[in-house]
Amino acid sequence: MPTPTPPNTATKASGCASGRCGSSASQIDELDASVAQRVQDHPCYSEEAHKYFARMHVAVAPACNIQCNYCNRKYDCSNESRPGVVSEVLTAAQAVKKTLAVAAAIPQMSVLGIAGPGDALANPERTFATFAELSQRAPDLKLCLSTNGLMLPQYVDQIAAYHVDHVTITINCIDPDIGAQIYPWIFWQHRRITGREAAEILIAQQLRGLEMLVARGILVKVNSVMIPGINDRHLKEVSRIVRAKGAFLHNVMPLISDPAHGTHFGLTGQRGPTPQELKTLQDECAGDMNMMRHCQQCRADAVGMLGEDRGAEFTLEKVEAMQIDEHAAMGRRLALRAAINAELAEKRAARHDASAQVIALHRPVANIGRAVRMAVASSTGAEIDTHFGHAKHFHIFEVSAEEIRALGTRAAAQYCGGEADCGEADNTLARTLAALSDCEVMLCARIGIEPWSKLEAAGIRPDGAHAMEPVASALHEAWKTMLDNGQLAAAPASQRRA
C-alpha cells in the first residue's frame, strides 16, 4: 500500500522553538497565547488538561526498526499496562472506525495518537493512511505520534502536511557508548547494525529530526527512560541538549523491569529507579528543561482519561455494532471543549489575581519549616473526593511555606475492590506503601482502620479530615498543622530510615 499523498497545505509557522514552554497550570499561565492554546486541551502535554480531556491511541504500527532492552511488544494482551502492549492490532480503516466510535461516546476526547505497539514511522503507510482519513472526518481532533526517531527526518514533511503538530521522540541518551547498552540493534538502510555504530546512527537521526520538527513549528516532547546505572547520570545532559534544540517538554519515565514482562533488562535483573531517585533526577533536569510529571506510561491502545483505560468498551466487535452520527458527535465535542476551556481560562485568571496575595501570605514564614511531601487521593486533583482504598492513582505534592508544588501522579493498585476484598489485600497495600515511601501525609476522603495503621507504621500520617475540600487549601492546612505541632523540626521519616 503506497503512502497517501499529503494535502497541498502550508506548514505551520508558530511553535515553541526556545523549549521554555511547560505543562503545569502555573507554566500554562506564562505561555505565549498561541502556544498555550495548542496545549490547553492536550492531556499528554498539559498537566492541567489531563484532568479534563481524554486521549486515544490506535495500534496500527506493529513493526519496529530498533530493539530496546526495556521493550517487549505483546499482542492480544489485556493484563499489562505499559507501552508496547495491545489487545488488538488494527488496520488503518479499523483504526478510523474505532476512533470515530470512541470520539462519539467520550466527548472529552481531544487527541488521537499513534504510539505503537512498534514505531509509527516504521509503519508509515498505515500511520499516514489513518491520519489522512481522520483529518477529513474528525478535523477537531489533535493528531499526535510517538517515534524512536530513526526514520523521523524522512517523514517530517508528511507529519507537517497532515497537521500533526505534537510529536514525542524517545531519546534515552546522546552518548553512543551509553546507547550501546540500551539498544542491541537497529535496522537501517536494509541491514541490521549493532553496538556503538547503531546507537550513533540512531542518536544522529533523533536530534536531526527534532531540529526539523521545531523548524516547522511542531511541538516536540522528549521521552527518556531512566535506567539506574546506565543513563541516570547522563539524562541531565540529554535534557540540556534537547532543550537547546527546541524541545517543548521532557518526560523522564522510570524503567519498568518486571521479569514477567520478558524484557532483556527484566530478565537480567536491571532494577528500575525508586520514586525518590526519579523525583531527584526530574528536579535536576528541571533546571534546564520543563518536566512532565503526570505520565502514566500508557498502553499502545489506551482509551479515555489519563490513569484509566476504557479500551474493553471499544473492541472491534463492539464498534461494528455501534451507530455513529459523526457530525453530531463532533458538535458535542466542540461544545464541551469550549465550555471546559472557558472554565480553565477563568481559573487561570483567578490564579493570576491571587498570586500576589499568596506570595504576601507566605512571605512572613518563608524561612520557617521544611517542605513536606504529601499524597492525595483525588479523581481530578482538584478536590479530595476519593476513598484511599478506591484510588487508582495518587497525586503527589511538595508543600512548603513558599509554595505548593505538583510532582505528578503515581499509580495505585486498588486496596479495596469491594466489601469482599477490603482488608484482604496485603500485597496490594504493600506495593502502595512502597510507591509512597517518600511521602509523610496521605490526604483522602475516607480510609479504613487497617490501612490507617499500616500507613502510620510506615511513617505516613493518614488525614481524612478534609473530605471534599479543595486540594490546595487542604494541603496548606495539613502543612500548617504539622508546623504548629512541631513536626517539621526533624527530618522526614524516610530520610531517618535511610
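A. Representation of the overall build of the protein chain within the structure. Summing up its helical and strand segments, the protein chain has 16 helices and 15 strands in all. Residues classed as buried in the protein chain amount to 53% of the 498 residues present. Contacts spanning at least 24 positions in sequence make up 72% of the contacts within the protein chain whose residues lie at least 6 apart. For the protein chain, the exposed area adds up to about 21200 Å²; of that, 52% sits on carbon and sulfur atoms.

B. Examining the nonpolar core more closely. Judged by nonpolar contacts, the single largest core of 81 residues is most densely connected at Phe131, Ile159, Ile186 and Leu213. At 9 residues, the largest contribution of residues to this core is made by helix H7 (residues 195-215). Non-local contacts of Ile186, meaning those with residues more than four positions away in its chain, are made with Asn65, Ile66, Leu150, Arg191, Arg192, Ile193, Ala198, Ile201 and Leu202. Ranked by size, the runner-up nonpolar core spans 17 residues in total, among them Ala375, Ile396, Leu407 and Leu433.

C. Local environment of the sheet that holds strand S7 (residues 191-194). An order of S2-S6-S7 is seen for the 3 strands of this open sheet, with the pairing classed as antiparallel. Both edges of this open sheet fall to strand S2 (66-67) and S7, since each of them pairs with a single strand only. As defined by bridge partners, strand S6 (residues 185-188) adjoins S7 across 4 bridges and the pair is classed as antiparallel. Each bridged residue has a counterpart across the sheet, and for Ile186 the counterpart in S7 is Ile193. The strands touched by H7 are S2, S6 and S7; relative to S7, the strand with the most contacts, the crossing angle is about 105°.

D. Inspection of the sheet that holds strand S13 (residues 404-411) at higher detail. Strand order in this open sheet of 5 strands is S13-S12-S11-S14-S15, and the pairing throughout is mixed. Strand pairing shows two members of the sheet lacking a second neighbour, S13 and strand S15 (461-463), which therefore form its edges. The sheet shows a mean angle of 25° between the axes of neighbouring strands, taken without regard to direction. As judged from the 5 bridges shared by strand S11 (residues 372-376) and strand S12 (residues 393-399), these two strands associate in the antiparallel manner.

E. Region of the structure containing helix H13 (residues 426-435). When H13 is considered as a whole, its buried residues turn out to be Thr428, Leu429, Thr432 and Leu433. The arc that holds every buried residue of H13, seen down its axis, measures 135°, which confines them to one face. For H13, the exposed residues lying more than 90 degrees away from the buried face are Asn427 and Arg431. Looking at the buried side of H13, the elements it contacts are S12 and helix H14 (449-457).

F. Local environment of the pairing of S13. Where S12 and S13 come together, 7 bridges link them in antiparallel fashion. If you follow His395 over to S13, its bridge partner there is Thr409. Taking the residues that link successive antiparallel strands as the turn, the S12-S13 hairpin has 4 residues.

G. Looking closely at helix H4 (residues 124-137). With 14 residues, H4 ought to run about 20 Å at 1.5 Å a step, and its terminal C-alpha atoms sit 20 Å apart, in line with that. Among all positions in H4, only Pro124, Thr127, Phe128, Ala129, Thr130, Phe131, Ala132 and Leu134 are buried.

H. The pattern of salt bridges, seen in detail. Per the counting criterion, the structure on display carries 22 salt bridges. Between Glu133 and Arg137 there is a salt bridge, with its nearest N and O atoms 3.2 Å apart. With Glu133 and Arg137 both in helix H4 and 4 residues apart, this pair spans about one turn of that helix. Its relative accessible area of 35% is what places Glu133 among the partly exposed residues. Note on Arg137: relative accessible area 33%, which makes it partly exposed. Note that Asp157 is salt-bridged to Arg216, the shortest N-O span being 2.7 Å. Here Asp157, found in helix H5 (residues 152-161), pairs with Arg216, found in the loop between H7 and strand S8 (219-226); they are 59 residues apart in sequence, far enough to count as distant. Classification of Arg216 as partly exposed rests on a relative accessible area of 22%. If you follow the salt bridges from partner to partner, you end up with Lys279, Asp283, Arg373, Glu398, Arg405, Arg410 and Asp438 in one network.

Definitions and cut-offs
Residues numbered from 1 in each chain as written. Predicted model: local features only at pLDDT ≥ 70, side-chain atom pairs only at ≥ 80, totals over all residues. Heavy atoms only, no water. Helix = DSSP H or I, 4+ residues; strand = E, 2+ residues; numbered from the N terminus. Buried < 20%, exposed > 50% of the residue type's maximum accessible area, 1.4 Å probe, protein only. Contact = heavy atoms within 4.5 Å. Areas by Shrake-Rupley, 256 points an atom, 1.4 Å probe, with all protein chains shown as cover. Core = buried A, V, L, I, M, F, W, Y, C linked by side-chain atoms within 4.5 Å. Pairing = 2+ DSSP bridges. Axes fitted to C-alpha atoms, helices over the stretch in contact; angles between N-to-C directions. Arc of directions from axis to C-beta. Expected span 1.5 Å × (residues − 1). Salt bridge = Lys/Arg side-chain N within 4 Å of Asp/Glu carboxyl O.

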